Amino acid sequence: MTTIDPFTQFKAIQKEGWAAFAPLEAITTMPAAKLVSFAGVANDHNVLDVACGTGVVAVTAARRGAKVEGLDLSPALLERARQNAKTAEVDIDFTEGDVEALPYPDARFDVVVSQFGHMFGPRPEVALSEMLRVLKPRGRIAFSTWPPEMFIGRLFTLVAQYLPPPAGAAPPPLWGEPHVIRERLGDRVVNLEFERDVVLNPSLSPRHTRQTFETTAAPNIRIKQEYAEKDPDTYARFNASLENLIAAFSENNHVKQHYLMTRATKKG
Ligand SMILES: C[S@@+](CC[C@H](N)C(=O)[O-])C[C@H]1O[C@@H](n2cnc3c(N)ncnc32)[C@H](O)[C@@H]1O
């Protein structure tokens, strides 16, 4: 009997789980422009958007004249990304793949970016080594992640209590801690800088937002699949905790989703 290793299994679940993410591009579109500016993308750059989803960062960089490629686990999101590029009249190569095994040669790109994406690779060291491998010496790496103490970071911590990740997988919110990022990048980079910002997620009520996540965001889709029918009490407990969390970050019909941008230059 062949056994599938836990990380392969984890990625298969991620691939399926993120397939319905497209409506949330409405939330990630504005921070995409922030990340492209923060990364210093210029019109003569070769850019890779890792875990590109529907291509919001890739399209933004391409509209600024860069030559862009995008990679993601989810074929459904890549399909949407290709449509988005076509609508914006930009030419982008989108490839299905895994941040832990990037299908590009060494030193291929001037800039490697990832918005709320590479953080889902279960082994940060593998993902980071791959992103730095395909980056040219003196090239720029930049990414956006969710700080652990803010809304989305706390949402991931809550989900992990109900759906434990495989042993050895790093918690995604650690990617929102500057001191962890500094340690992970180590002496492979110089000019490490951080900047925080916030994106406002329209929200008619905490329950509306919870229900939207349940049909669009991989972790919440899985919570519903695992608990709604098999264990309604646990499902109700999770929902109450999540709605309280949403309420704690809500005002005036929006939820505040703080994020952290990181940029650094690969050593020459
Ligand atoms: C929250 S979405 C962000 C998508 C997009 N970057 C954006 O800002 O709209 C997370 C993305 O990470 C992708 N993803 C998760 N694990 C991945 C992996 N191991 N390799 C590549 N992509 C991955 C998912 O398919 C999904 O598109």
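Quick look at the structure, then.

Rules used throughout
- Residues numbered from 1 in each chain as written.
- Predicted model: local features only at pLDDT ≥ 70, side-chain atom pairs only at ≥ 80, totals over all residues.
- Heavy atoms only, no water.
- Salt bridge = Lys/Arg side-chain N within 4 Å of Asp/Glu carboxyl O.
- Helix = DSSP H or I, 4+ residues; strand = E, 2+ residues; numbered from the N terminus.
- Buried < 20%, exposed > 50% of the residue type's maximum accessible area, 1.4 Å probe, protein only.
- Phe/Tyr/Trp six-rings, centres within 6.5 Å; stacked < 30°, edge-to-face > 60°.
- Lys NZ or Arg CZ within 6 Å of the ring centre and 35° of its normal.
- Expected span 1.5 Å × (residues − 1).
- Bend = angle between axes of the 7 residues up to and from the residue.
- Contact = heavy atoms within 4.5 Å.
- Polar contact = N/O pair within 3.5 Å; in protein donor to acceptor, adjacent residues only side chain to side chain.
- Axes fitted to C-alpha atoms, helices over the stretch in contact; angles between N-to-C directions.
- Parallel < 35°, antiparallel > 145°, perpendicular 65-115°, else oblique.
- Left-handed = near helix turned anticlockwise from the far one by under 90°.
- Nonpolar A, V, L, I, M, F, W, Y, C, P; charged D, E, K, R; others polar.

Description of the pattern of salt bridges
Under the definition given, this model contains 19 salt bridges. With a closest N to O distance of 3.1 Å, R188 and E125 form a salt bridge. Pair noted here: R188 is in the loop between α7 (178–185) and β6 (189–202) and E125 is in helix α5 (residues 124–133), with a separation of 63 residues, a long-range link. On the accessibility criterion, R188 (27% relative accessible area) is partly exposed. For E125, a relative accessible area of 44% translates into the label partly exposed. Here R210 ties to E214 by a salt bridge, and the two come within 3.0 Å at their closest N and O atoms.

Let's talk about the packing of aromatic side chains
Counted according to the given criterion, the structure contains 12 aromatic pairs. Ring centres of W18 and F21 lie 5.6 Å apart, and the angle between their planes is 75 degrees; on these two criteria the pair is classed as edge-to-face. Given the relative accessible area of 16%, W18 is considered buried. Its relative accessible area of 16% is what places F21 among the buried residues. The ring of F109 has R108 lying over it, and the distance from NZ or CZ to the ring centre is 4.9 Å. Positioned above the aromatic ring of W175 is the side chain of R184, whose terminal nitrogen or guanidinium carbon lies 4.6 Å from the ring centre.

Notes on helix α2 (residues 25–38)
What sets the pattern is the α-helix's 3.6 residues per turn: residues three or four places apart point alike. Compared with an ideal rise of 1.5 Å per residue, which puts 14 residues at 20 Å, α2 spans 19 Å between its outermost C-alpha atoms and is within 8% of the ideal. Taking the largest bend as the criterion, α2 deviates by roughly 30 degrees, centred on P31. Every buried residue of α2 is listed here: E25, I27, T28, P31, A32, L35, V36 and F38. Tucked inside the fold, the buried residues of α2 contact α3 (56–63), α4 (75–87), β4 (109–115), β5 (135–145), β6 and β8 (254–266). G40, located one to two residues past α2, shows a positive phi value of around 70 degrees.

A word on the environment of K34
As for its position among the elements, K34 is in helix α2. Sequence separation between K34 and F143 is 109 residues; the distance between their C-alpha atoms is 11 Å. With residues near it in sequence (within four places) discarded, K34 still touches D197, Y259 and M261. There is a polar contact of 2.8 Å between the side chain of K34 and the side chain of D197.

Some remarks on the packing of helix α6 (residues 151–162) against helix α10 (residues 232–248)
Running from N to C, α6 and α10 cross one another at 170 degrees; their axes reach a closest spacing of 10 Å. Regarding the angle of α6 to α10, the classification is roughly antiparallel. Crossing of α6 over α10 shows right-handed handedness. Residue-level contacts link F151, R154, L155, L158, V159 and Y162 of α6 to T234, R237, F238, S241, L242, L245 and I246 of α10. Partitioning the contact of α6 with α10 into residue classes produces nine nonpolar, two polar and two charged.

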